[in-house]
Each structure stands twice: as structure tokens, then as C-alpha cells.
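As a plain string of letters, each chain reads:
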Amino acid sequence: RKEVEQDPGPFNVPEGATVAFNCTYSNSASQSFFWYRQDCRKEPKLLMSVYSSGNEDGRFTAQLNRASQYISLLIRDSKLSDSATYLCVVTLFSGGYNKLIFGAGTRLAVHP
Amino acid sequence: GAGVSQSPSNKVTEKGKDVELRCDPISGHTALYWYRQSLGQGLEFLIYFQGNSAPDKSGLPSDRFSAERTGGSVSTLTIQRTQQEDSAVYLCASSFPLRGNNEQFFGPGTRLTVL
């Protein structure tokens, strides 16, 4: 079983749509949680951190459910520029440092 | 300020040759990481440096892979006797893990093609 699992997609949605991505992680000792965004043929960049209390950044809302080991990302009013791959990331304290474990990513394509 | 830089951006080599990939982290970042990303796949962890030492080399796929870091700054990933399955994008990231800040900043990657 993969440590971080995501639906690979692609999710094809029209502009203005609301889309939700899910992610599950296997290790209950995971400590911190993030969503990274990776544009085609570019490097990953941090999108936002994820907290149990939920957090919102403009059109983006991230949520963590520790009991279910489940992370979500909601994008409202999708824009063409949101088209990218969204990587779910957890950290695990291992070998004396916080190791980032990446999911394989969910691809989003927003069309006019 | 300057981000993480990597060179070369693209490398095409023949099977069996050695290659060296370079990473210049963000100035002051003590932690440096190498990852590999094959086409359509997620990031595969290779090695972690704290300063010049590598406390976690667990992701290196074989003894053909090695890495070093000097002066707490530049790092070089070396692949000896390259194989076709080594073809991938090699990404370097750096961070300053203070007070639980885990954000890693990635370079643009080196796209390696082994013919």
C-alpha cells in the first residue's frame, strides 16, 4: 500500500466549477500535511498547509481528518490557470528529521 | 532572492556513461534533498543532506547512485554506468527546517534521458 494515495484523475472541469480532491495516508504518526501544486514540466511549489481546523486561502480550502487519515482540497470557481497537478504531501519524523512523503498527484484540467 | 538552481536543465547520455547533476540551494538553507520523478509519476525520495552530511540515503536505488555536498551549499548527484531506467527528471529541493517549518523549495530539475 502506498504511504500517500490520491486519485490520479484527470479531473476535467469547466471554468467556474467547484472541484474536490481527496488523499489518504497510511501512517498515523504523520505530523504535518500540505498540498503542493506542480504545473506541467515545472517543479512543485507549496500551495497551502492543511490543519485539522481547516484552512482557506481565497478559492482554496484544505481540510484534514486525522481520525480517518484523510486530506481534502476544494477549489471553488475554477480558473483556467488552476490547471495543474496537485500533490498531497505528509511529513513523517524519521531518521531525525521531518521527511516529506509525496502522493503521485491528481491532475486537474480546467476548460473554457 | 535567488531560488534553487540546477544544472544542466537537460542531459542526454548514452547507456553506460556517467553523469553528474548539480544543485545550488537557496543561500542559508541547511537541508537539501534529491528526488526523482519519472514520467507521470510522483516524487521518489533519493537522499537528504543536513549540512554536508547525509543522514538519510535510503532512497538511492543502487550503488551506481551517489551524492555529495560541500561547504554546506552545492550538491552533486552522480549516476555511474547509466541505464535506460534512470531516465527521469531529477529534482533538488532545499529548506531551512526551523521551528517545524517543513516547506521545501524546489529547483527546476534536470531532465535526464539515457539512450
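Note that residues are indexed from 1 along each chain, following the sequence as it is written. Each chain is given a letter, starting from A, and each ligand a number, starting from 1, according to the order in which they appear as written. Restriction of local features to residues with pLDDT of at least 70 applies here, the model being predicted, together with a cutoff of 80 or more for giving and counting side-chain atom pairs; totals for whole chains, interfaces and linings are based on all residues. Calculated side-chain values reflect all of the structure's heavy atoms, with hydrogen atoms and water omitted.

Undergrad: Which parts of the structure should I look at to understand the pairing of strand β11 (residues 110-114) of chain B?
TA: Two faces belong to every sheet, and in a regular strand the side chains alternate between them. Residues and elements named next belong to chain B. Only one face of β11 is covered, namely the face carrying T110, L112 and V114; the face carrying R111 and T113 is uncovered. Relative to β11, strand β2 (residues 10-13) runs parallel, the two sharing four bridges. Across the sheet, residue K11 finds its bridge partner in β11, namely L112. Two strands are said to pair when DSSP picks up at least two bridges between them. Secondary structure elements follow DSSP: runs of H or I of four or more residues count as helices, runs of E of two or more count as strands, with numbering from the N terminus. In the sheet, strand β9 (residues 88-95) pairs with β11 via three bridges, with the strands oriented antiparallel. Bridging across to β11, V89 finds its partner in R111. Each residue is assigned to one of three classes by its accessible area relative to the maximum for its type, calculated with a 1.4 Å probe on protein chains only: buried under 20%, partly exposed between the two thresholds, exposed over 50%.

Undergrad: Looking at this structure, I do not really get the interface of chain B and chain A. What am I missing?
TA: A common measure of how large an interface is: the accessible area buried when the components associate. Should any heavy atoms of two residues lie within 4.5 Å, those residues are considered in contact. Each partner contributes residues to the interface: chain B has 18 residues there, and chain A has 17 residues. Values labelled buried area give the accessible surface lost by two parts on being combined, using a 1.4 Å probe and summing over both. Between chain B and chain A the total buried area reaches about 1,500 Å² when both faces are included, carbon and sulfur atoms providing 53% of it. Any carboxyl oxygen of Asp or Glu that lies within 4 Å of a side-chain nitrogen of Lys or Arg is treated as forming a salt bridge with it. Summed over the shared surface of chain B and chain A, the number is one salt bridge. With a shortest N-O distance of 3.3 Å, D56 of chain B and K99 of chain A are connected by a salt bridge. Polar contacts, as counted here, are pairs of nitrogen or oxygen atoms within 3.5 Å of one another; within protein the pair requires one atom able to donate a hydrogen and one able to accept it, and residues that are adjacent in sequence qualify only if both atoms are side-chain atoms. Inspection of the region where chain B meets chain A yields five residue pairs in polar contact (both at pLDDT 80 or more). At the level of secondary structure, the elements contributing two or more residues to the side of chain B that touches chain A comprise β4 (31-37) and β5 (43-50) of chain B. All amino acids are sorted into three groups, where Ala, Val, Leu, Ile, Met, Phe, Trp, Tyr, Cys and Pro are nonpolar, Asp, Glu, Lys and Arg are charged, and the leftover types, Gly among them, are polar. In the side of chain B that touches chain A, the residues fall into eight nonpolar, seven polar and three charged.

Undergrad: Explain the layout of surface pockets here, please?
TA: Left-over empty space is what a probe sized like a water molecule reveals as it rolls over the atoms. Approximately 890 Å³ is the volume found for the largest pocket. Taken together, 39 residues make up the lining of the largest pocket; nearest its centre are Q38 and R41 of chain A together with Q37, G40 and Q41 of chain B. Contributing elements (two or more residues each) for the lining of the largest pocket: β1 (4-6), β9 (84-94) and β11 (106-111) of chain A together with β9 and β11 of chain B. Classifying every residue of the lining of the largest pocket by side-chain character gives 14 nonpolar, 17 polar and eight charged. The method works on a 1 Å grid over the protein atoms by themselves. A cavity is a set of points holding a 1.4 Å probe that cannot get out, a pocket is an open set with protein on both sides within 12 Å along at least five of seven lines, and residues with an atom within 4 Å of a point line them. Grid points are joined across faces, edges and corners, and a volume is the space filled by probe spheres set on the points.

Undergrad: Even after reading the chapter, I still don't get the pattern of salt bridges, so can you show me in this structure?
TA: Counted under the stated rule, the structure contains nine salt bridges over all chains. Ionic pairing is found between R37 of chain A and D39 of chain A, a salt bridge with its closest N-O pair at 2.8 Å.

Undergrad: How do you make sense of the environment of G71 of chain B when you look at a structure like this?
TA: Relative to the helices and strands, G71 of chain B is located in the loop between β7 (65-69) and β8 (75-79). The sequence separation of G71 of chain B and G51 of chain B amounts to 20 residues, and the corresponding C-alpha distance is 7.8 Å.

Undergrad: Looking at this structure, I do not really get the sheet that holds strand β1 (residues 5-7) of chain B. What am I missing?
TA: By definition, the strands of a sheet pair up through backbone hydrogen bonds, in either a parallel or an antiparallel sense. Residues and elements named next belong to chain B. In spatial order, the strands read β1-β3-β8-β7; together these four strands make up an open sheet with antiparallel pairing. The strands lining the two open edges of the sheet, one partner per strand, are β1 and β7. Strand-to-strand twist across the sheet, computed as the mean angle between neighbouring axes with direction ignored, equals 15 degrees. Bridge analysis of β1 against strand β3 (residues 19-24) gives three bridges, and the strand direction is antiparallel. Bridge pairing in β3 places S5 opposite D24. Only the stretch in contact is used when fitting a helix axis, every axis being a line fitted to C-alpha atoms; angles between N-to-C directions are given from 0 to 180 degrees.

Undergrad: Before we go on, may I ask you to explain the environment of Q84 of chain B in this structure?
TA: With respect to the helices and strands, the residue Q84 of chain B is situated in the loop between β8 and β9. When neighbours within four sequence positions are excluded, Q84 of chain B is seen to be in contact with V114 and L115 of chain B.

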